[in-house]
Protein chains: 2
Amino acid sequence: MTARASRGRRPGAPDTRAEVLAAARASFAEKGFRGTTIRAVASAAGVDPALVHHYFGTKDDLFVAALEIPVDPREILAPVVAAGPDGAGERLLRTFLSVWDDPAIQPGLLALVRSLMADDSAGLVRDGFIPVVVGPVLASLVRDRPEVRVPLVASQMIGLIVARYVIAVPPLAQMPAEDLVARVGPVLQHYLTGDLP
Amino acid sequence: MTARASRGRRPGAPDTRAEVLAAARASFAEKGFRGTTIRAVASAAGVDPALVHHYFGTKDDLFVAALEIPVDPREILAPVVAAGPDGAGERLLRTFLSVWDDPAIQPGLLALVRSLMADDSAGLVRDGFIPVVVGPVLASLVRDRPEVRVPLVASQMIGLIVARYVIAVPPLAQMPAEDLVARVGPVLQHYLTGDLP
C-alpha cells in the first residue's frame, strides 16, 4: 500500500489515519525500526506529530499497527504472563497455536511472515518485532538472563511457524495443537526457566 | 541459471552435465520433488536417462546436486550418526554450526534457504529436502517414532537457521558455537531420544 496524495486534506479527516499508517509502513520498511521516528512519519504524512500519537500511541504501538497483525501479540500474551512462570511454556504455545490455527487469522499472519522473511525485512524482526513486541512480555517470565532465554524461545517458535505453517512439514502441519503443546511446550519451558549453561 | 541451447551437442560433451543439472533444477522448481522423474529431466536436456544416472546417480542424488549445496548433508551427518544416539544432539548441532559458520559456505547456504523460503518452494523442502536428505540420516538416531521426532528436530534446526543467520537475532547471531551447542544440543537430544508424549 502506498500513501495517497494528501495535500489540502484537514488533519483528522477520515483518510488521515490511513495515510499516517502508510507513511509509517514505508518508513519502517525503508529505515528500519530504529531509523523511524514519530516526527518523520508525521512529516511524511503531512500532519502534526501530536496527531500520530493521538491515533497510535507510542512508536512501539505504531510499529505493531504498521505490521497489520490481526491481533496484538502483547494483548494475547498478557494472560500467559499473568499466570506466572510455572507451565508458561505450554500456555505460551497453546495461546500461540490458537491464534495461528484460526482460519480467519492465519492467512494474514502467513503473509506477514513471508514478507518479513524477505531479505530486507530481517532488521524489522531483529530490531522491532522481537525486542519490542514479544521480548518484554516474555522477559517477565524468565528467571534470569532474558537476553539469552528470550531469543532461544524465539528460535523454537520461529522454527515451529516455518515448519508447521510455511513449509507444512508433515506431521507437524496436521498435528493437533494439544499434541504439539505436550511435545514442544516442555522445550519452551526449559528455555524460559530451566537450567541453562 | 537457465539451460543454454544444446542442439547438436554430443552427449557427454563438457556442457552436458551442466545442462542436465539446469533441466533438473527447472523440473524440481516447477513440478516439485515427487513430480520430477529422471526420464523427464533427461528428455528436457536432450540426453539418454542412462546418462543422467551416470552423472548423478539416483533421483535423490540428482536432487541434492540440483540444490547446489556446497556440502552434501548426508556425508556431513554420517559421522554424527555413526557415533550412536548418546550425545547425538550436541554432535549434530556442532557439525551443523561448523558448516553454517564457515564463511566460504554460509553465503551459498543462506541463498538456498532464502530461495526455499519463497512461496512456491515449500514443497521442495517438505517433499524433498527433509524426507530425502536429512530424514533418513536422523531417523537412524531416534529410538522410536522417527515420523514425529525428526520433524521436531527439524523445527528447532530451522528456527536456529532463521534466527541466527537469516534474521541475525542478537545474541544468537554472535553466540560462540559451543555456547549454542550447550544450550540447544540438549533440546535436540530430547527430541531424538527423550520421553516424548
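Remember, predicted model here, so these are calculated numbers, not experimental data. (Residues numbered from 1 in each chain as written. Chains lettered and ligands numbered in written order. Predicted model: local features only at pLDDT ≥ 70, side-chain atom pairs only at ≥ 80, totals over all residues. Heavy atoms only, no water.)

Q: I'd like a rundown of the interface of chain A and chain B, residues and numbers included.
A: Each partner contributes residues to the interface: chain A has 36 residues there, and chain B has 36 residues. Summed over both partners, the interface of chain A with chain B comes to about 3,000 Å²; 71% of that surface belongs to carbon and sulfur atoms. Together, A:Met117, A:Ile167 and A:Arg183 form the three largest contributors to the area buried by chain A at its contact with chain B, with a combined 20%. Counting across the interface, chain A meets chain B through 0 salt bridges. (Contact = heavy atoms within 4.5 Å. Buried area = accessible area lost by both parts, 1.4 Å probe. Salt bridge = Lys/Arg side-chain N within 4 Å of Asp/Glu carboxyl O.)

Q: I'd love a proper account of the pattern of salt bridges, names of residues and values included.
A: All names here are of chain A. Applying the stated criterion to the full structure yields 18 salt bridges over all chains. Note that Arg126 is salt-bridged to Asp127, the shortest N-O span being 3.5 Å. Since its relative accessible area comes to 27%, Arg126 is described here as partly exposed. Since its relative accessible area comes to 18%, Asp127 is described here as buried. Two residues, Asp144 and Arg149, come together in a salt bridge whose shortest N-O distance is 2.6 Å. Overlapping salt bridges bring together Arg143, Asp144, Arg149 and Asp195 as one network. (Buried < 20%, exposed > 50% of the residue type's maximum accessible area, 1.4 Å probe, protein only.)

Q: Can you break down the packing of aromatic side chains residue by residue, with the values?
A: Any two aromatic rings considered together are summarised by their centre-to-centre distance and by the angle between their planes. All names here are of chain A. In total, this model carries 12 aromatic pairs over all chains according to the counting rule given. Measuring from centroid to centroid gives 4.6 Å for Trp100 and Tyr165, while their planes differ by 25 degrees, and the two rings are stacked. Placement of Trp100 in helix H6 (residues 88-100) and of Tyr165 in helix H9 (residues 146-166) is noted, with a sequence separation of 65 residues between them. Assigned by exposure class, Trp100 and Tyr165 land together as buried. (Phe/Tyr/Trp six-rings, centres within 6.5 Å; stacked < 30°, edge-to-face > 60°. Helix = DSSP H or I, 4+ residues; strand = E, 2+ residues; numbered from the N terminus.)

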